[in-house]
Amino acid sequence: MTQTAGGTSEVRTPLDVRTVLVPASDAAAVGALVDLLPAEAPLSWLRRGEGLVGWGVAASVRTTGPTRFSDAAKWWSETTALATVTDEVEEPGSGLVCFGAFTFSDEPGSADSVLIVPEVIVGRRGDLVWVTTVGDATASLTATTAPAPPADLTFADGALNGPQWMTVVAHAVSRIEAGDLEKIVLARDLIAEASAPIDPRWPLRRLAASYPTCWTFHVDGLFGATPEMLVRRERGLVTSRVLAGTIRRTGDDERDLALAAMLAHSSKDLEEHEYAVRSVAEALEPYCSSMNVPETPFVLHLPNVLHLATDVAGVARDGESSLELAAALHPSAAVGGTPTPVARALISEIEGMDRGRYAAPVGWMDATGDGEWGIALRSGVIDGATVRLFAGCGIVGGSDPQAELAESQAKFVPVRDALTS
Ligand SMILES: C=C(O[C@H]1C=CC=C(C(=O)O)[C@@H]1O)C(=O)O
């Protein structure tokens, strides 16, 4: 049952949902959740082996435009109100759950936003493993056959080639120096083409293994391993991991440690980071009764890059769902800029491409509104035999276009390697 929110008043079939705990003796035998996924429309949200995987479509909704978040939130409230749920686990992520991916822009473009209720969900949290089924669906907890790698893959420039993109970055720097805005995040795309349709489980398994501290996701063709948590709401606690400010790793541990120290003191990166933290703290403030915003960022080590990172935490004031909080936070200055409206307008004016669902909220939510919405970074979109990969960089007054191009190459590495190796 797929619906387009805001459209026809279709009769909705109430969902019959059942969550059972997998007995501890069997839970140990359930291998990596990512290995359970079937090739057809897999859904994934995994970090360090924990999280949720799903498959099948029990219900879904597609939304577009500036009301895409509120239309989806309304659909979710109606869907949860109608459902019959038996849940013997009662953990965040058990019972009725949807996965979702949203578009970056308010403008209707090539992509739409989507919430999907899978027919089967398998969740893992610590030692607990549970299975949720909707309607008559049955779940198999055995690993599916291994996916085949993409065949004859070639990469090409997307909307702009490197020199063209550097010209756009230089233009943005001149606009910042003229005082039009303080920060903008500019992105570029690459196109990977295979000779046969690509099985999303191939890159997913590799991303989950190579980037265990990131959230490995797949929703409706959008996949990746993001290090950035836009917002998590869990039993009244709201958290966000803000990233901005990047240095490429060299592969040599000693040099990387020196680079980490440089990053922690780089005024250009600290400025870029400060805008991102401020945007998240200001957007969350109305929804929290108390908040903790650390004054100094830490350095997050990923296999390809180092980032400045700040973990913001707050206590939810009212009952806004994780999706409503994500809508209030999007786009943070980690993917938009400062001031937000000026940066958004300049992105559409000069970036030269439609971001689709890149750099927008992707994640899941349960019937209580608890959930996790990451920012779809280090990501790509599979469409048959084609993958469109995205990478973006925060630009401030002192940014150098050549260095930003190199940074964008480093940010393509996770998805590029996951497709090829
Ligand atoms: C926009 C991206 O990264 C953001 C998150 C972390 C660091 C960033 C930076 O240093 O520019 C970006 O703000 C991307 O990976 O496409």
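This write-up is about the structure you can find in this document. (Residues numbered from 1 in each chain as written. Predicted model: local features only at pLDDT ≥ 70, side-chain atom pairs only at ≥ 80, totals over all residues. Heavy atoms only, no water.)

**Some remarks on the overall build of the chain**
Thought 1: Within the chain, the secondary structure is distributed over 9 helices and 24 strands.
Thought 2: C-alpha atoms of the chain, sized along the principal axes, occupy 60 × 50 × 45 Å.
Thought 3: In the chain, the proportion of contacts linking residues at least 24 apart, taken out of those at least 6 apart, comes to 75%.
Thought 4: Surface summary for the chain: the accessible area is close to 16,600 Å², and the carbon and sulfur share equals 52%. (Helix = DSSP H or I, 4+ residues; strand = E, 2+ residues; numbered from the N terminus. Contact = heavy atoms within 4.5 Å. Areas by Shrake-Rupley, 256 points an atom, 1.4 Å probe, with all protein chains shown as cover.)

**Considerations on the site of the ligand**
Thought 1: Around the ligand, 18 residues are found, and the nearest of them are Thr246, Ala334, Tyr358, Arg378 and Gly392.
Thought 2: In the environment of the ligand, an oxygen atom lies 3.1 Å from a nitrogen or oxygen atom belonging to the side chain of Glu272.
Thought 3: Its free accessible area being 390 Å², the ligand has 100% of it covered by the protein chains.
Thought 4: Comparing atom positions with the cavity grids shows the ligand to sit within the largest cavity.
Thought 5: Residue assignment for the shell around the ligand shows that the elements contributing at least two residues are strand E16 (237–248), strand E24 (386–395) and helix H9 (401–420).
Thought 6: Of the residues assigned to the shell around the ligand, the class counts are 8 nonpolar, 5 polar and 5 charged. (Near = heavy atom within 4 Å. Polar contact = N/O pair within 3.5 Å; in protein donor to acceptor, adjacent residues only side chain to side chain. 1 Å grid on protein atoms, 1.4 Å probe; cavity = no way out; pocket = protein on both sides within 12 Å on 5 of 7 lines; lining within 4 Å. Sits in = over half its atoms within 2 Å of the grid points. Nonpolar A, V, L, I, M, F, W, Y, C, P; charged D, E, K, R; others polar.)

**Some details on the environment of Leu284**
Thought 1: By the element assignment, Leu284 lies in helix H6 (residues 267–284).
Thought 2: Taking C-alpha positions, Leu284 is 28 Å from Arg124, a pair spaced 160 residues apart along the chain.
Thought 3: Residue contacts for Leu284: discarding those within four places in its chain leaves Val238, Met291, Val312 and Leu329.

**Topic: the pattern of salt bridges**
Thought 1: Counted under the stated rule, the structure contains 24 salt bridges.
Thought 2: Within this structure, Arg62, Asp112, Asp220 and Arg357 form a network of salt bridges that share partners. (Salt bridge = Lys/Arg side-chain N within 4 Å of Asp/Glu carboxyl O.)

**Points about the packing of aromatic side chains**
Thought 1: Using the criterion set out here, one finds 5 aromatic pairs in the structure.
Thought 2: Put simply, the rings of Phe69, Phe102 and Trp373 pair up and form one aromatic cluster.
Thought 3: In this structure, Arg206 packs its charged tip against the face of Trp202, placed 3.2 Å from the ring centre.
Thought 4: The cationic tip of Arg355 hangs over the ring face of Phe104; the distance from NZ or CZ to the ring centre is 4.4 Å. (Phe/Tyr/Trp six-rings, centres within 6.5 Å; stacked < 30°, edge-to-face > 60°. Lys NZ or Arg CZ within 6 Å of the ring centre and 35° of its normal.)

**Here we look at the environment of Thr86**
Thought 1: As for its position among the elements, Thr86 is in strand E6 (residues 84–87).
Thought 2: As a C-alpha pair, Thr86 and Leu284 span 198 residues in sequence and 33 Å in three-dimensional space.
Thought 3: Discounting residues that sit within four places of it in the chain, Thr86 has contacts with Val17, Arg18 and Thr19.

**Focus: empty space enclosed by the protein**
Thought 1: A complete count under the given rule lists 2 cavities of 30 Å³ or more for this structure.
Thought 2: Each pocket or cavity is described by its volume, and for the largest cavity that value is around 170 Å³.
Thought 3: Looking at the largest cavity, it is lined by 20 residues, and the ones nearest its centre are Ala334, Leu377, Arg378, Gly392 and Lys411.
Thought 4: Of all elements in the fold, only strand E12 (183–193), E16 and E24 reach the threshold of two or more residues within the lining of the largest cavity. (Points joined across faces, edges and corners; volume = space filled by probe spheres on them.)

**As for the nonpolar core**
Thought 1: Counting residues in each nonpolar core, the largest one holds 67 residues, and the members touching the most others are Leu15, Leu115, Val117, Ile184, Leu186 and Leu323.
Thought 2: Among the elements that make up this core, the one with the highest residue count is helix H3 (residues 162–177) (7 residues).
Thought 3: Here Leu323 is in contact with Phe69, Ala72, Ala73, Phe102, Leu115, Met365 and Trp373, once residues within four sequence places are set aside.
Thought 4: Ranked by size, the runner-up nonpolar core spans 39 residues in total, among them Leu46, Leu300, Val387 and Leu419. (Core = buried A, V, L, I, M, F, W, Y, C linked by side-chain atoms within 4.5 Å. Buried < 20%, exposed > 50% of the residue type's maximum accessible area, 1.4 Å probe, protein only.)

These values are about where atoms sit, not about what they do.
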